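One-letter residues, chain by chain:
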Amino acid sequence: MIYLAVSAFYLLYKIPMWYSINWWGLHAIKDYIVNFFLSGSEYHLWYILASIYGIITFYILLSFIQLDVMKYLCIAGWLIECLLYSYSWIGIEDSGMLSWLTSHFSVCFDAAFRAIPLMGIGLLCVVCPPQKISVHYPIIVFVVYVLEVSCLFFFSSNEGKYSYIITTPLLTYFLLRWLLSVSFKSKNGRITKWMRETSLIIYLVHPMIIYLLNFSSMQEGVIHWLIVTLMSILVASVFEFVRMKQKNNTQSMT
């Protein structure tokens, strides 16, 4: 429902934009439909689409494969993800068939080799026996993570692809295990609820803020990033305030 609603929201912006650049007709509709299912209706919505495909595929796999075996499949999948992304400079993606598949079915690869391994880490954190995890573990892994990024930056031809590297799953695992072992107590539950609810809205609306700022011809940089961040938080806060007010009014009427 989130994907459908936000896709419809951004389509209202895309239609006039298509018309202004003479991208119109059946070819434009066909291109949008293909992107809707295979790469995301808007560039940042690949995450939701990959999550949808990933959840369905992960559920089916776990119906037939034990978690102990699934761990190794997730490791293999993540190594493939690294070869296709942060280590693509090695040249594995240069093969004709693989390059065609990743360019035409990108979200399928994201679901299989990015979403499912990370979902597997989340599942491992849940099923592992609850125990205290020292903060030293995520700190040590974070140092290793920084070293890997530094090596990619200084000693490889990697061009800005540092989001998914070999140590990312390890850092994710130990951070989640540590967070699950720590008791967080907030005196004001409204703040934590506000942060949880608005985070999704910020993710969904921030590209529209960027599009609106493009009309002002503002150059990209720290100021541009700061304005996008603050405006996204403001929009999300207003949306959450209106939603909660409507919810309270509905509850009071019943």
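Up top you'll find the structure we're talking about.
A brief report on the enclosed structure follows. Predicted model, so just to flag it, every value in this text is computed and none were measured.

The rules behind the values
Residues numbered from 1 in each chain as written. Predicted model: local features only at pLDDT ≥ 70, side-chain atom pairs only at ≥ 80, totals over all residues. Heavy atoms only, no water. Helix = DSSP H or I, 4+ residues; strand = E, 2+ residues; numbered from the N terminus. Buried < 20%, exposed > 50% of the residue type's maximum accessible area, 1.4 Å probe, protein only. Contact = heavy atoms within 4.5 Å. Areas by Shrake-Rupley, 256 points an atom, 1.4 Å probe, with all protein chains shown as cover. Lys, Arg positive; Asp, Glu negative; His and termini not counted. Charge placed at Lys NZ, Arg CZ, Asp CG, Glu CD. Phe/Tyr/Trp six-rings, centres within 6.5 Å; stacked < 30°, edge-to-face > 60°. Salt bridge = Lys/Arg side-chain N within 4 Å of Asp/Glu carboxyl O. Patch = residues over 30% accessible without salt bridge, like charges linked within 9 Å, V, L, I, M, F, W, Y side chains within 5 Å. 1 Å grid on protein atoms, 1.4 Å probe; cavity = no way out; pocket = protein on both sides within 12 Å on 5 of 7 lines; lining within 4 Å. Points joined across faces, edges and corners; volume = space filled by probe spheres on them. Nonpolar A, V, L, I, M, F, W, Y, C, P; charged D, E, K, R; others polar.

**Focus: the overall build of the protein**
And step 1. A count of helical and extended segments in the protein gives ten helices and zero strands.
And step 2. Ordering the α and β elements of the protein from the N terminus gives α-α-α-α-α-α-α-α-α-α.
And step 3. Per-residue burial for the protein yields a buried fraction of 30% across its 254 residues.
And step 4. At a minimum sequence separation of 6, the contacts of the protein that also span at least 24 residues come to 74%.
And step 5. Accessible surface for the protein amounts to roughly 17000 Å². Of this, 72% is attributable to carbon and sulfur atoms.
And step 6. The positive charge centre, built from 15 side chains, and the negative charge centre, built from 12, are 18 Å apart in the protein.

**Section: the packing of aromatic side chains**
In this description, an aromatic ring pair is defined by two values, namely the gap between the centres and the angle between the planes.
And step 1. In total, this model carries 20 aromatic pairs according to the counting rule given.
And step 2. Centroid distance W78 to Y164: 6.1 Å. Interplanar angle 75°. Geometry classified as edge-to-face. In this pair, W78 is assigned in helix 4 (residues 67-84) and Y164 in the loop between helix 7 (136-155) and helix 8 (168-181), connecting sequence segments 86 residues apart.
And step 3. Summarising the aromatic geometry, the rings of F153 and F154 are spaced 4.9 Å apart at their centres and angled 90° between planes, so their arrangement reads as edge-to-face.
And step 4. Grouping aromatic residues by their ring pairs yields a cluster made of Y3, W18, Y32, F36 and F37.

**Quick word on the pattern of salt bridges**
And step 1. Within the structure shown, the criterion is met by seven salt bridges.
And step 2. Note that E81 and R114 form a salt bridge whose closest N and O atoms lie 2.9 Å from each other. Of this pair, E81 sits in helix 4 while R114 is found in helix 6 (residues 106-127), placing the two residues 33 residues apart along the sequence. Each member of the pair, E81 as well as R114, carries the same accessibility label: buried.
And step 3. Among the salt bridges present, the one from R243 reaches E240, with a minimum N-O distance of 2.9 Å. With a gap of three residues between them, R243 and E240 both fall in helix 10 (residues 222-253), about one helical turn apart.
And step 4. Given the relative accessible area of 31%, R243 is considered partly exposed.
And step 5. Taking the relative accessible area as the measure of exposure, E240 reaches 6% and is therefore buried.
And step 6. One salt-bridge network, held together by shared partners, links K193, E197, E240 and R243.

**Structural notes on a nonpolar patch on the surface**
And step 1. A grouping of I191, W194, M195, V222, W225, L226, L230 and I233 is seen on the molecular surface, where their side chains present a nonpolar patch of about 800 Å² in accessible area.
And step 2. Where the nonpolar patch is concerned, the elements lending two or more residues are helix 9 (189-214) and helix 10.
And step 3. With five residues, the single largest contributor to the nonpolar patch is helix 10.
And step 4. Note that M195 resides in helix 9.

**Thoughts on the environment of T172**
And step 1. Positionally, T172 belongs in helix 8.
And step 2. On the accessibility criterion, T172 (26% relative accessible area) is partly exposed.
And step 3. With residues up to four places along the chain from it excluded, the contact list for T172 reads L118 and I121.

**Quick look at the layout of surface pockets**
And step 1. There is about 400 Å³ of room inside the largest pocket.
And step 2. I75, I121, L124, P169 and L170 are, among the 17 residues lining the largest pocket, the residues nearest its centre.
And step 3. Put simply, the parts of the chain that give the lining of the largest pocket at least two residues each are helix 4, helix 6 and helix 8.
And step 4. In terms of residue count, the dominant contributor to the lining of the largest pocket is helix 4 (seven residues).
And step 5. Residues of the lining of the largest pocket, tallied by class, amount to 15 nonpolar, one polar and one charged.

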